[in-house]
Amino acid sequence: MNETVDAAAAALRAKGLDSLPPLAIVLGSGLGPFADEASAAVAVSYADIPGFPVPSVEGHAGRLVVGAVEGRRVALFQGRGHYYERGDAKAMRVAIETFRALGGKTLLLTNAAGGLNKDWLPPSLVAITDHINFSGTNPLIGRPGKDSFVPLTHAYDEGLRAKLHEAARANDIELHEGVYMWFSGPSFETPAEIRAARILGADLVGMSTVPEVILARRAGMRCAAVSVVTNFAAGLAGGDPSHEETQEYARLAADRFQRLLRSFIREAA
Ligand code: HPA
């Protein structure tokens with residue numbers, strides 16, 4: 001299986017990327033343009049890297065961009081693979097493990113999510129403190145070896161979260177905290193599922209991030225994650241959630257989110 005990681009690393013080396021920086025950010029909905037902030041950047045399309053997930057969702061580019069933001073070299077994953085695209089919970093395995101193999105240590109995940117807290121008006125920003133895997137699958141299924149029995153007690157690193165809060169404070173940005181529940185998608189949840197999610201302890205629902213955190217923890221990396229609440233979860237407000245609304249509210253948060261990321265990079269990279 002690591003042959004694909006070797007092949008991906010070779011493809012990146014062929015583009016001049018012999019090593020990757022210690023910090024990478026996965027840019028979710030609305031944040032793709034952040035990759036344009038990187039100066040002296042090398043950008044490689046996922047289609048040119050074996051095993052990387054070529055996105056099938058509108059609004060998600062598929063490029064790895066490596067360059068300097070705030071004078072620090074960072075890797076920006078512009079777009080991600082989702083479980084719901086091909087039924088593959090390991091969609092991000094090669095991308096994450098190649099990052100690790102070439103020097104990666106810290107992964108910041110960003111996403112759009114439905115909010116369960118009525119006080120969090122879209123597009124609020126929320127640092128994820130923990131997750132609930134409600135998908136019925138796991139990206140490590142079928143992966144032999146004791147290393148797959150990964151503890152997830154400290155999956156979302158407290159030190160990194162403190163840096164996110166420092167970055168938020170420095171920019172006068174309100175940053176909430178909450179538990180993210182992973183639903184497979186691509187259909188949105190029912191109101192009954194959202195009531196169940198609330199009883200089970202969720203503050204956010206979404207269709208990504210959790211498998212990436214599990215893969216990154218298995219690979220020995222530190223993780224942090226931030227959601228932009230693009231809508232009230234199903235049944236909490238009048239209308240239906242939609243992909244268009246998700247994109248629109250994610251875009252509305254983009255300036256604020258990008259300021260947060262720039263400050264975090266100064267703190268953490
Ligand atoms: N549910 C699941 N995923 C989402 C949502 C939602 O309400 N909003 C944005 N991503």
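Residues numbered from 1 in each chain as written. Predicted model: local features only at pLDDT ≥ 70, side-chain atom pairs only at ≥ 80, totals over all residues. Heavy atoms only, no water.

Undergrad: Lay out the nonpolar core in plain terms, naming residues and giving numbers.
TA: Judged by nonpolar contacts, the single largest core of 47 residues is most densely connected at Phe-52, Leu-64, Phe-77 and Leu-107. When residues no more than four places from it in sequence are discounted, the contact partners of Phe-77 are Ala-24, Ile-25, Val-26, Leu-27, Tyr-46, Phe-52, Arg-63, Leu-64, Ala-95, Phe-99 and Leu-107. Core analysis: the second largest hydrophobic core is formed by 31 residues, Ala-35, Val-74, Leu-76 and Val-226 among them. (Core = buried A, V, L, I, M, F, W, Y, C linked by side-chain atoms within 4.5 Å. Buried < 20%, exposed > 50% of the residue type's maximum accessible area, 1.4 Å probe, protein only. Contact = heavy atoms within 4.5 Å.)

Undergrad: Explain unusual backbone geometry residue by residue, including any values.
TA: The omega torsion of the bond from Pro-122 to Pro-123 falls at 0 degrees, within 30 degrees of zero and hence cis. Cis geometry is found at the peptide bond from Gly-185 to Pro-186, where omega equals 0 degrees. When you line up the elements, Pro-186 lands in the loop between β7 (175–182) and α5 (191–200). Backbone geometry places Ala-40, a non-glycine residue, at a positive phi of 50 degrees. Looking at the element boundaries, Ala-40 is found in strand β2 (residues 39–45). What makes Ala-40 exposed here is its relative accessible area of 76%. The phi angle at Thr-209 is positive, at roughly 70 degrees, despite the residue not being glycine. For Thr-209, the position within the fold is in the loop between β8 (204–206) and α6 (210–218). (Helix = DSSP H or I, 4+ residues; strand = E, 2+ residues; numbered from the N terminus.)

Undergrad: Account for the site of the ligand, naming residues and giving values.
TA: With respect to spatial proximity, the complete set of residues near the ligand consists of Ala-112, Ala-113, Gly-114, Phe-188, Glu-189, Val-205, Gly-206, Met-207, Thr-230, Asn-231 and Thr-246. Interatomic distance of 3.3 Å between a backbone N/O atom of Ala-112 and a nitrogen atom of the ligand. Here a nitrogen atom of the ligand and a backbone polar atom of Gly-114 are 3.3 Å apart. For the ligand, the protein covers 96% of the area, taking 260 Å² as the surface of the free molecule. Among the elements that make up the shell around the ligand, the one with the highest residue count is strand β5 (residues 106–115) (three residues). The class makeup of the residues in the shell around the ligand is five nonpolar, five polar and one charged. (Near = heavy atom within 4 Å. Polar contact = N/O pair within 3.5 Å; in protein donor to acceptor, adjacent residues only side chain to side chain. Areas by Shrake-Rupley, 256 points an atom, 1.4 Å probe, with all protein chains shown as cover. Nonpolar A, V, L, I, M, F, W, Y, C, P; charged D, E, K, R; others polar.)

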